[in-house]
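# Report on the structure
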Amino acid sequence: LDSARRFARAKTREMHAATQSSRGICPARLAQTRAFRARRAGAVASRARRSVAPSASSKPTLYDVPVSNNGARVRLLLYWKGLERDFRIENPSVLGGLKSEAYLELNPQGKMPLLVVPSPPSVGDGDAPMDAPFMMALPESEVIAQYVLHKYADVGPLLIPEDPDQRALANLITRVHDVYIAPVQGCMYRGPMPVEKRAEDLQTVKKQMDVVERVFADAARTRRPQSQSLKNGNDVHDDGPFVCGSQPCFADAALFPTYVFLERILPRYFGWDDVFAERPRTKKWFHAMCADAGGERVLGEIRAGLDDWHDAGRWETTGVLEAVKDDRFTWKY
């Protein structure tokens, strides 16, 4: 039976070689090409693995840049939890950039932030070899945030509201940001973009800022019965100033970096007088975040990046300044 199988495989290879030859393809050259491609793919994966974890004891690596509001969401959690020394923070350029083969091997979406977590090799039994180190690649800021919150739950502040109602509203405000604001925020600084699309997305940003203000109010209302039940009548829980009360949580980390974009860009390039007009709870929250040590740090990182964009003429080259001259659309709210 084994002899028959070997004979059948040999005949199959012979027929395949004959077919390639009839098409003008040299079987030897084809084999060389396939071998080259396999070696190249292996080299790309190997470079990616070596660059993110030179040893099994490497720290988790966050690929990010200071101006990224999505990356700042994760950095803020690290600052609050005191985990900065336990993580490496690298620019994606160390792997060749977001669209490089090495980076795409880790995150096929070619976006940031990206967290790469090295795992130590597993120990084999007896003479069995140990498995190679496994690199867990986690893209998407919310995925990374949840990993940090739960992996390091016993380090620093919890940053997860204990009250189910407050936790639900924290999840809601995070969802509003991720689903309705983040996907359209590029209207403020990206291009080229059809003027109609830019104006439509800007209107969406304005609408969702009002939704966020409403969630702030709902969170305060759900805290009010708790504060009224206190014997001393202290209402500090209702006052906030953070999303879920007197202490920040993961929702504040999700929202604040994007609001640094809004607060900086909308008045400067779209003519808004006050992004917090008729949004008093959001205004109080934003100022509290700016006064927070971690928030102040993120504020400086993002503003410096936005100023670099300004100096490089980003709002001219992306067509934003030209678009806002079109008075058929509303730019100032």
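Here, the structure is the one placed above.
Before going into details, it helps to say that this report is about the structure given with it. Note that this is a predicted model, so its numbers are computed, not measured.

How each quantity is defined
- Residues numbered from 1 in each chain as written.
- Predicted model: local features only at pLDDT ≥ 70, side-chain atom pairs only at ≥ 80, totals over all residues.
- Heavy atoms only, no water.
- Helix = DSSP H or I, 4+ residues; strand = E, 2+ residues; numbered from the N terminus.
- Buried < 20%, exposed > 50% of the residue type's maximum accessible area, 1.4 Å probe, protein only.
- Contact = heavy atoms within 4.5 Å.
- Areas by Shrake-Rupley, 256 points an atom, 1.4 Å probe, with all protein chains shown as cover.
- Axes fitted to C-alpha atoms, helices over the stretch in contact; angles between N-to-C directions.
- Parallel < 35°, antiparallel > 145°, perpendicular 65-115°, else oblique.
- Nonpolar A, V, L, I, M, F, W, Y, C, P; charged D, E, K, R; others polar.
- Expected span 1.5 Å × (residues − 1).
- 1 Å grid on protein atoms, 1.4 Å probe; cavity = no way out; pocket = protein on both sides within 12 Å on 5 of 7 lines; lining within 4 Å.
- Points joined across faces, edges and corners; volume = space filled by probe spheres on them.
- Salt bridge = Lys/Arg side-chain N within 4 Å of Asp/Glu carboxyl O.
- Core = buried A, V, L, I, M, F, W, Y, C linked by side-chain atoms within 4.5 Å.
- Pairing = 2+ DSSP bridges.

## Re the overall build of the protein
Assigned secondary structure in the protein consists of 13 helices and four strands. Per-residue burial for the protein yields a buried fraction of 42% across its 333 residues. Taking all contacts inside the protein whose residues are at least 6 apart in sequence as the whole, residues at least 24 apart take part in 71%. Carbon and sulfur atoms make up 53% of the accessible area of the protein, which totals about 18,000 Å².

## Some remarks on the packing of helix α10 (residues 280-291) against helix α11 (residues 293-311)
One can describe the packing of α10 onto α11 by two numbers: an axis separation of 5 Å at closest approach and a directional angle of 90 degrees. The angle between α10 and α11 falls in the class roughly perpendicular. Counted together, Met289, Cys290 and Ala291 of α10 and Ala293, Gly295, Glu296 and Leu299 of α11 form the full contact between these two elements. Of the residues belonging to the contact of α10 with α11, the class tally is five nonpolar, one polar and one charged.

## Notes on α11
Here α11 is 19 residues long and its end C-alpha atoms lie 27 Å apart, about the 27 Å a rise of 1.5 Å per residue gives. Of the positions making up α11, those classed as buried are Gly294, Gly295, Val298, Leu299, Glu301, Ile302, Gly305, Leu306 and Trp309. Structurally, α11 contributes buried residues whose contacts are with α3 (69-81), α9 (250-270), α10 and α12 (314-317). With its phi angle positive at about 75 degrees, Gly313 sits one or two positions after the end of α11.

## Section: the layout of surface pockets
Taking a probe equal in size to a water molecule and rolling it over the atoms shows the remaining empty space. Roughly 710 Å³ of internal volume is contained in the largest pocket. In this structure, the largest pocket is lined by 26 residues; those nearest its centre are Asn70, Lys111, Met112, Gln185 and Arg190. Mapped by element, the contributors of at least two residues to the lining of the largest pocket are α3 and α5 (141-151). Of the residues forming the lining of the largest pocket, the biggest block, three residues, is contributed by α3. For the lining of the largest pocket, the per-class residue count stands at 11 nonpolar, seven polar and eight charged.

## Describing the pattern of salt bridges
Summed over the entire model, instances satisfying the criterion amount to 17 salt bridges. Where Glu301 meets Arg75, a salt bridge forms, and the shortest distance between an N and an O atom there is 2.9 Å. With a gap of 226 residues between them, Glu301 in helix α11 and Arg75 in helix α3 connect regions that are remote in the sequence. A residue is classified by how much of its surface remains accessible, and Arg75, at 3% relative accessible area, is buried. For Asp307, the salt bridge identified is with Arg264, shortest N-O distance 3.1 Å. On the criterion of sequence distance, the pair formed by Asp307 in helix α11 and Arg264 in helix α9 is long-range, its members being 43 residues apart. Of the residues examined, Asp307 reaches a relative accessible area of 25% and is grouped as partly exposed. In this structure Arg264 comes out as partly exposed when scored by relative accessible area, which is 25%.

## Concerning the nonpolar core
In globular proteins that are soluble, nonpolar side chains generally tend to be buried together. Within the largest apolar cluster, 63 residues are counted, with the highest numbers of intra-cluster contacts made by Met188, Phe256, Phe270 and Trp285. Contributing elements (two or more residues each) for this core: α3, α5, α6 (164-181), α7 (195-228), α9, α10, α11 and α13 (320-323). Ranked by residue count, the leading element in this core is α9, at 13 residues. When near neighbours in sequence (up to four residues on either side) are disregarded, Met188 contacts Leu202, Phe261, Leu262, Ile265, Leu266, Phe270, Trp315 and Val320. By size, the runner-up hydrophobic cluster in this structure holds 12 residues, among which are Leu62, Leu83, Tyr147 and Val148.

## Topic: the sheet that holds strand β3 (residues 114-119)
With respect to topology, four strands assemble into an open sheet ordered β2-β1-β3-β4, the strand pairing being mixed. Looking at the sheet topology across the chains shown, the edges are occupied by β2 (88-90) and β4 (134-139). Taking each pair of neighbouring strands and ignoring which way they run, the sheet shows an average axis angle of 20 degrees. Note: β3 against β4, six bridges, orientation antiparallel. Among the inter-strand pairings, Val116 is bridged to a residue of β4, identified as Ala137. Those strands touched by α5 are β1 (61-63), β3 and β4, and its axis lies near 120 degrees from that of β4.

So, to be careful, I would describe these as geometric facts and stop short of saying anything about function.
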